[in-house]
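# Descriptive analysis of the structure
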Amino acid sequence: MYRNARGFMPRDRNICLHSSSEPIAERERISVWVRLKCGVSSRWKSFTLCYLKLKSVCDRIFHRLFNWDRFPYVGSRPSIDELAKTSETCGWNTAKIRFITCHPSSMQRMLLTSMDTALIYENMLEKPLCLSSPKQQHLSCGAFRPWTWRQTAVGGEGGICLWKFSNGGYKTMTWLGYREGDIIVDLQWQHTGILLVTASLGNQRIQIWHPELKQVLQELSMPVMGTNYWAMRYPSDMIQLLDFLRTQSILFSYRNSMKMLSSQLVERWPLQTAVWTAQGNHLLYVIKGSSKVFGSTSTMVIGPLKQEFLIWSSKEVIDLASFFCNWHECKGGRVQSIFMDPLNIYVAFIFTRQSFVLLCLLHIPLGCSIKLKPVQIIGCTEALYAWPSCLAFGNVRRSGENVRRSLIIGWSTGKFQVVELYAQTREEALQLEEQDVQFPQSFYNIDSQ
Amino acid sequence: MCYFATRRMLSILPYRLNMPYPRLGRLLFDRYLFATWLCFLTEYQLLTIFLVYQLVDVTNPLDWLLELVDQVIFSLYTVARVQLLGIHMATYGLLLCRLHERLPSCHSWRLHRLQGELPIKLCQLVVLISLGYFSSWLYLKYMSELAVDVDFSYTGHYLLMNGVFCGLAYFLSEDLCLGKEVWPLPLIRFETATWQWLRWHHFDFSCSLPRSMLYTAVFAAIYWPNMSGDFKASFQLIGLSTCITTLITVKLHAIKRVFGTVMHSELPLTLQKQPPQQQQTLPQLTRQHMRDRRLPVSLMLSVSNQLYGFQLQVARDFYTIVSSPKGETCKLFQLQGFLGRQPKNWTALRNVLLGNMRQFMDLLNDCLDAPGTKCKQLPTRYYAGMRRLAPPTAVPKVWSRRCCGEQPAPAKQLCRSLWQQLQLKLQSWQLQQKLQCFCKCFFFDATHLMRSDKQDCELCVGRPLVWLVPGLVCICVRSLEEDRHGVLQQDLETIFKALNDLQKQIFAVLRLLHLQQQEPCATLKTLSQTLTLSLNKMIFHFGDYLSFIINDKELQHTLECRE
């Protein structure tokens, strides 16, 4: 009946003449085939959407199932207080400068502040470059990438930021994410600069990242709190350390696991801090909550089957609860962190409750135990009631020349102090100490710049 | 018996014993045999677990244990049955080794790639299914011998099919992807393969237990209509099937892991060109020296070696040797020979390393020169909904003046039958042409040697360079202190030139990819970063002496102007 309606319907749809006949005519216009196709395609679309949603949910469940051993949390998620308690920085919660690090082969220095920014100083005369990002929070550690001059990694809560910056102020950031709420405690580049080694608090694991591929290549478990201090602070890199510590024989290879290495080196105590000597033969460490410094030395032993393996023996080096420095008796207390000079001459200590930094001379005579001799106490001369929050040794090493070293101390008032060290050998240092030579110092402020 | 069977399989193995480096072939073959033997023992382990689960009798544990060991595990029947499974495991290990050692290659035609990889994938599928089937068969045999109270006609069928399903599911989840890395190279390996096996670390429960639960559940769901209504029997069946599925899944994972650990054990490498045993000039000394089983690095890295997985491992072990402070690098710079004192060790190593770099540079050259393959342009677009770029041709006005301007096509459709309409539709899609194009082309306007979305492409033959270049730089830096005869100094210019040229080539390739808006593959990214870092390190250490070392002014200028 309505077939001829087309001839009589005006072309303009806006003029609505026969509204009742309109829908029927509409249906006539669209053929059966098209309607069917529309219906099928809409159902197909809704089906694929549902399928995709289901697939994503399933993927998440199965990923969690298959990798359940990779996400174990010790108790609840780590909090900032836990980080403050275990960090090497004194008074992490209130310190203005939270971490200082220096480039291994040039003059660049990086300071991590409590405002969650990283300040890069090329030299002390210019304004520092400021790196900040909303993802970068609660910064705890950082490291420059070796053999590059414009790349650095900064670790905080939730992940690692890899920065590439240039002189002109151009910056790019790559983000390597962890689980939410996980905090990175320690960060170290491999010696060639290709791989990045990190330790995180919630995961209790040391992870080796490939920053270009953004993947974790390997994970090692930390059996005891503080394993990362001896594992990651080796002068060249962690992979070489673990290679060095392994025993190669058939019978004694069972000793090769992080637990056994930890029990050999530090007798499985939870560590507050540790440093290696530059050749990697001696380890100085401090147990959590103690004021005694222990030294662990290795000796090569030939076993019954003519194979060689290393044996580590620990001895107490010095008790810093009270010590003598320049014929004055000083009280030390609990040690917060130790730092080693790249040339193995000086060792610096920060105490939990003291407002000075102690500088000692290191002496490792052949065949005898390690000796530490306190030589100088560095206090903050610019302000009263300031305590040191963190410290770093920086150097510029040029082959053939003298190595210029500096000691950078961050104080709680937001200033940092740069002390130049000149001694190239231990004898020189002893001479300088005898003659009571003062090291040149300078103070800088991070707020005003 | 199995030993002879495996010897006959020698021709299929990638490690032929009569290859140019017989010691290498012997080493790899020994490792393969050791891994197979460990897998045999793994099978015994799992069988013991199964029997303990079935037979546990707490009242008389000692008698029962003795009986178990004496009459079941070490009986001839068991040995014979386990041999059958052992053959399967040996074959599977063989296929995995082949996959591990094949050179990464890029096929510009998907058909060729399918042709190349399909046979080995099919073999894997067949071996896995058969392994699953025969494992179930073995456990059923023991159950029937020990007179366990189970209805064997129905249960047997169910469990055999379950085994087959396990093998199939494992294949689909693990081995289906073409070009996936079989055993990723480990950075730090603590324990040797033997100790890992002894401490049961090859059983990766975290990976296999969730999967086995999944397989049991899925298979039970598939078989649900066939199950009898008896709940007790069904529960018993599901319990048995869980147990067997777990054992089979754990075994399949363990095989891969055992093979991976054994193959990736540390290689006995030496930096000397010829270990002392092979010297021909002083035969009487060889009897007094300990037999030196070490392999010289310069031979292992040589270009004609077609074993890709092995080359990666050699490169990494080379870097470890060279960068450890207590190594034998001092032997590298020794002068040898009686009349003409030459640094043979260093020369051999240098030739091999520079040869590798040169081969990779030639490959990159090919990439840059090859014209992009253009696909045959299809006459219609893929997406029918897209707007035409050109206005449609005018429709002839043959309709009556009542509907002037309307297109005749919709009305014409009503005249044709459904079948003809379907045919028209099919033709308009042009499936055949599309299929041909799919098989033939990968990317439009793409350099066909670099496929960036897959894990392997032709450029991945350069992956060993990621370890070799830092190793070379490490040797150079150490020569500053250890090289007493100045052996390395003459070659410094060649090394700088080679590194610089390689870096220029890689930058050119990256630029080309950037212009074509393609992601570079992982190897290129890693390699370019490695080269930059290594060159920086070289310049840092030799920076003061550049003018003395390098005679080429242009190269010197380029190096000094680096950032």
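What counts and what doesn't
- Residues numbered from 1 in each chain as written.
- Chains lettered and ligands numbered in written order.
- Predicted model: local features only at pLDDT ≥ 70, side-chain atom pairs only at ≥ 80, totals over all residues.
- Heavy atoms only, no water.
- Helix = DSSP H or I, 4+ residues; strand = E, 2+ residues; numbered from the N terminus.
- Contact = heavy atoms within 4.5 Å.
- Areas by Shrake-Rupley, 256 points an atom, 1.4 Å probe, with all protein chains shown as cover.
- Pairing = 2+ DSSP bridges.
- Axes fitted to C-alpha atoms, helices over the stretch in contact; angles between N-to-C directions.
- UniProt positions renumbered as here; feature names shortened; annotations may be inferred.
- Buried area = accessible area lost by both parts, 1.4 Å probe.
- Salt bridge = Lys/Arg side-chain N within 4 Å of Asp/Glu carboxyl O.
- Polar contact = N/O pair within 3.5 Å; in protein donor to acceptor, adjacent residues only side chain to side chain.
- Nonpolar A, V, L, I, M, F, W, Y, C, P; charged D, E, K, R; others polar.

Per an unreviewed UniProt entry, chain B goes by Nucleoporin Ndc1 and derives from Drosophila hydei.

In the nomenclature of an unreviewed UniProt entry, chain A is known as Aladin of Drosophila hydei.

## Comments concerning the overall build of chain B
Within chain B, the regular secondary structure consists of 21 helices and 2 strands. Of all intrachain contacts in chain B linking residues separated by at least 6 positions in sequence, the fraction that spans at least 24 positions is 83%. Carbon and sulfur atoms make up 60% of the accessible area of chain B, which totals about 30200 Å².

## A closer look at the sheet that holds strand S16 (residues 308-319) of chain A
All names here are of chain A. The strand order across the open sheet formed by 4 strands is S13-S14-S15-S16, and the pairing between neighbours is antiparallel. Among the strands making up the open sheet, the edge pair consists of strand S13 (271-276) and S16. With direction set aside, neighbouring strand axes in the sheet form an average angle of 25 degrees. The pairing of S13 with strand S14 (residues 282-287) spans 5 bridges and is classified as antiparallel. Bridging across to S14, Thr-273 finds its partner in Val-286.

## Focus on the environment of Leu-128 of chain B
When you line up the elements, Leu-128 of chain B lands in helix H5 (residues 110-145). Taking the C-alpha atoms as reference points, Leu-128 of chain B and Ser-302 of chain B, separated by 174 residues in sequence, lie 35 Å from one another.

## Observations concerning the UniProt feature "transmembrane region" (unreviewed entry) in chain B
Residues and elements named next belong to chain B. If you check UniProt for "transmembrane region" (unreviewed entry), the listed places come out as residues 32-53, 73-97, 118-140, 152-172 and 233-254 in our numbering. Between the C-alpha atoms that bound residues 32-53 the distance is 32 Å, and the span itself is 100% helix and 0% strand. In this annotation, residues 73-97 is assigned 92% helix and 0% strand; the end-to-end C-alpha distance for the span is 30 Å.

## A look at the interface of chain B and chain A
Each partner contributes residues to the interface: chain B has 38 residues there, and chain A has 49 residues. Of the roughly 4000 Å² buried at the junction of chain B and chain A (both faces included), carbon and sulfur atoms supply 60%. Among the residues of chain B in contact with chain A, Ile-188, Phe-190 and Phe-540 of chain B are the three that bury the most area, contributing 19% of the side total. One can count 1 salt bridge joining chain B with chain A. Applying the counting criterion to the chain B and chain A interface returns 8 residue pairs in polar contact (both at pLDDT 80 or more). Mapped by element, the contributors of at least two residues to the side of chain B that touches chain A are helix H8 (205-223), helix H12 (308-323), helix H15 (418-429), helix H17 (465-482) and helix H19 (522-542) of chain B. In the side of chain B that touches chain A, the residues fall into 17 nonpolar, 9 polar and 12 charged.

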